[in-house]
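Structural description and commentary
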Amino acid sequence: MSFRTRFAPSPTGPLHLGHAYSALLAFDQAQAQSGEFLLRIEDIDHTRSRSQWEDQIFDDLAWLGVEWPKPVMRQSTRMAAYSAALETLQKRGLTYPCSCNRAAIDAALSAPQEGQPLIGPDGVIYPGTCRPPRAPEPRRPPVVRLNMSAAIDVLSKDHRQLSFIETGVGPDGETGEISVPFDKLEAEIGDVVLARRDYKTSYHLSVVVDDAAQEISDVVRGQDLFEATAIHVVLQHLLGLPTPRYHHHALIRDEDGKRLAKRDDARAISKYREDGLNPQDIRAMVGLSLP
Ligand code: GLU
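Below you will find a few notes about this structure.

Let's talk about the state of the cysteines
- A full pass over the atoms with the stated rule returns 0 disulfides.
- For cysteine 130, which is in no disulfide, the shortest distance to another cysteine sulfur is to cysteine 100 and amounts to 3.7 Å.

Spelled out as structure tokens, the structure:
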């Protein structure tokens, strides 16, 4: 499989050192393998995405010395592909509508018999209030959830377990072939949201559909998304899409050990540019050698 990777920022704020590291690492790996590096704008969240941030992303990446083919894929233009994927899952009975709000989920989870709420890649694990056959009538426009136990029933007919190849390292040193055991999927991930109320898709569904559409062989991204990879592998199998290799990298942290956030303007690439630093300085700061 030839090497093709991507950097997939959401235009919801300035790129900071952590993004620069991710983009440069992916770009360097593509160069080293005589492969390709793509840029994809993940702007499904129209309430938070801004064209001003998109322009700044292009500008900062070009300044860093990253090059990519144009035009870039923008997720806001891909809704038909996401709807088609969702419909495939819906037709197979693998999804259900859910109209619980945060308060209803918290109330169900705080019921004494439920025990401590477990936290998964998307926050608290959904307690299953709307899962068929219990499904109450939706009271308001629903979200669409994956029925994980129905998904496991389907997948376990063909697979003993799912797995993916990690060429980088997960938060606990995971590397090589990483198994995704079915029992963990139900207990530690649960019925994740595939289509949100406001924008009818989700990060998980869109990223899986687009990585396949762009024939990405190697996903390079931060370790904060390592746990979410299990969700992506499940969706790839359910949708008949290939599983790329994954390269999760360590997160760039501030002096207090906290990972950088979009609002962390002090470490925005644009700020370093204003301060007169050059791209080599940024490479040195994130521990990457010169190209
Ligand atoms: N758009 C995601 C983010 O900005 C990255 C998704 C990915 O690399 O899979 O965090």
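Here's the deal with the site of the ligand
- Every residue close to the ligand is listed here: Arg6, Ala8, Ser10, Glu42, Tyr203, Val207, Arg221 and Leu225.
- One of the backbone nitrogen or oxygen atoms of alanine 8 is found 2.7 Å away from a nitrogen atom of the ligand.
- The contact in question runs from an oxygen atom of the ligand to an N or O atom on the side chain of tyrosine 203, over 2.8 Å.
- Alone, the ligand offers 300 Å² of accessible surface; in the complex the protein occludes 78% of this.
- Split by residue class, the shell around the ligand holds 4 nonpolar, 1 polar and 3 charged.

As for the sheet that holds strand β2 (residues 36-41)
- Reading across the sheet, the 3 strands line up as β1-β2-β3 and stay open at both edges, with parallel pairing between neighbours. Both outer strands of the open sheet, β1 (4-7) and β3 (73-74), are each paired with one neighbouring strand and no more.
- In this structure, β1 lies alongside β2, joined through 4 bridges in parallel fashion. Paired with arginine 6 across the strands is leucine 38, a residue of β2.
- Packing against the sheet, helix α1 (residues 17-32) makes contact with β1 and β2, and its axis sits at approximately 165° to β1.
- Together, β1, β2 and β3 form the strand contacts of helix α2 (residues 51-64), whose direction differs from that of β2 by roughly 160°.

Looking at the environment of aspartate 45
- Mapped onto the elements of the fold, aspartate 45 is located in the loop between β2 and α2.
- In this structure the side chain of aspartate 45 is engaged in a polar contact, spanning 2.5 Å, whose partner is the side chain of threonine 47.

A look at helix α7 (residues 203-213)
- Of all 11 residues that make up α7, 9 are buried, and the element is covered over most of its length.
- Listed in full, the buried residues belonging to α7 are His204, Leu205, Ser206, Val207, Val208, Val209, Asp210, Asp211 and Ala212.
- Positive phi shows up at glutamate 215, right after α7, with a value of about 50°.

Concerning the nonpolar core
- If you look at the biggest cluster of nonpolar residues, it comprises 40 residues, and the most contacted ones within it are Leu89, Leu146, Leu185, Val234 and Leu238.
- For this core, the element with the most residues is helix α8 (residues 229-239), which contributes 7 residues.
- In contact with valine 234, not counting residues within four places along its chain, are Leu146, Met148, Leu155, Leu162 and Leu185.
- Core analysis: the second largest hydrophobic core is formed by 29 residues, Ala26, Phe27, Phe37 and Trp68 among them.

Here's the deal with unusual backbone geometry
- Here the amide bond leading from lysine 70 into proline 71 is cis, since omega sits at 0°, within 30 degrees of zero.
- Mapped onto the elements, proline 71 comes out in the loop between α2 and β3.
- The omega angle of the peptide bond from proline 132 to proline 133 is 5°, so this bond is cis rather than trans.
- Along the polypeptide, proline 133 turns up in the loop between β6 (123-124) and β7 (143-146).

A closer look at the packing of aromatic side chains
- Applying the stated criterion across every chain yields a total of 4 aromatic pairs.
- When the centroid spacing of 5.6 Å and the interplanar angle of 90° are considered together, the rings of phenylalanine 27 and phenylalanine 37 count as edge-to-face. Of this pair, phenylalanine 27 sits in helix α1 while phenylalanine 37 sits in strand β2, and the two are 10 residues apart along the sequence.
- Here phenylalanine 37 falls in the buried class, since its relative accessible area comes to 5%.
- Here lysine 70 stacks its cationic end above the ring of tryptophan 68, 4.5 Å away from the centre of that ring.
- The aromatic ring of tyrosine 126 is capped on one face by arginine 145, whose charged end is 3.7 Å from the ring centroid.

Thoughts on the sheet that holds strand β4 (residues 95-98)
- What the 3 strands build is an open sheet, ordered β4-β7-β10; its pairing is antiparallel. Both outer strands of the open sheet, β4 and β10 (193-195), are each paired with one neighbouring strand and no more. Neighbour-to-neighbour, the strand axes of the sheet open up by a mean angle of 45°, direction not taken into account.
- Sheet topology places β4 next to β7; 4 bridges connect them, and they run antiparallel. Residue threonine 95 lies in a different strand from β7, and its bridge partner there is leucine 146.
- Along the sheet face, helix α3 (residues 79-91) touches β4, β7 and β10 and points at about 120° away from the line of β10.

Looking at the pattern of salt bridges
- Under the counting rule described, the total for this entry stands at 17 salt bridges.
- Put simply, aspartate 45 and arginine 48 hold a salt bridge, and the shortest N to O gap is 3.5 Å.
- A salt bridge links lysine 184 to glutamate 188; the nearest nitrogen and oxygen atoms lie 3.9 Å apart. Remark: glutamate 188 and lysine 184 occur in helix α6 (residues 182-188); sequence separation between them is 4 residues, near one turn of the helix.
- Using a relative accessible area of 40% as the deciding quantity, one classes lysine 184 as partly exposed.
- Judged by its relative accessible area of 38%, glutamate 188 is partly exposed.

About the criteria used
Residues numbered from 1 in each chain as written. Predicted model: local features only at pLDDT ≥ 70, side-chain atom pairs only at ≥ 80, totals over all residues. Heavy atoms only, no water. Disulfide = S-S within 2.5 Å. Near = heavy atom within 4 Å. Polar contact = N/O pair within 3.5 Å; in protein donor to acceptor, adjacent residues only side chain to side chain. Areas by Shrake-Rupley, 256 points an atom, 1.4 Å probe, with all protein chains shown as cover. Nonpolar A, V, L, I, M, F, W, Y, C, P; charged D, E, K, R; others polar. Pairing = 2+ DSSP bridges. Helix = DSSP H or I, 4+ residues; strand = E, 2+ residues; numbered from the N terminus. Contact = heavy atoms within 4.5 Å. Axes fitted to C-alpha atoms, helices over the stretch in contact; angles between N-to-C directions. Buried < 20%, exposed > 50% of the residue type's maximum accessible area, 1.4 Å probe, protein only. Core = buried A, V, L, I, M, F, W, Y, C linked by side-chain atoms within 4.5 Å. Phe/Tyr/Trp six-rings, centres within 6.5 Å; stacked < 30°, edge-to-face > 60°. Lys NZ or Arg CZ within 6 Å of the ring centre and 35° of its normal. Salt bridge = Lys/Arg side-chain N within 4 Å of Asp/Glu carboxyl O.

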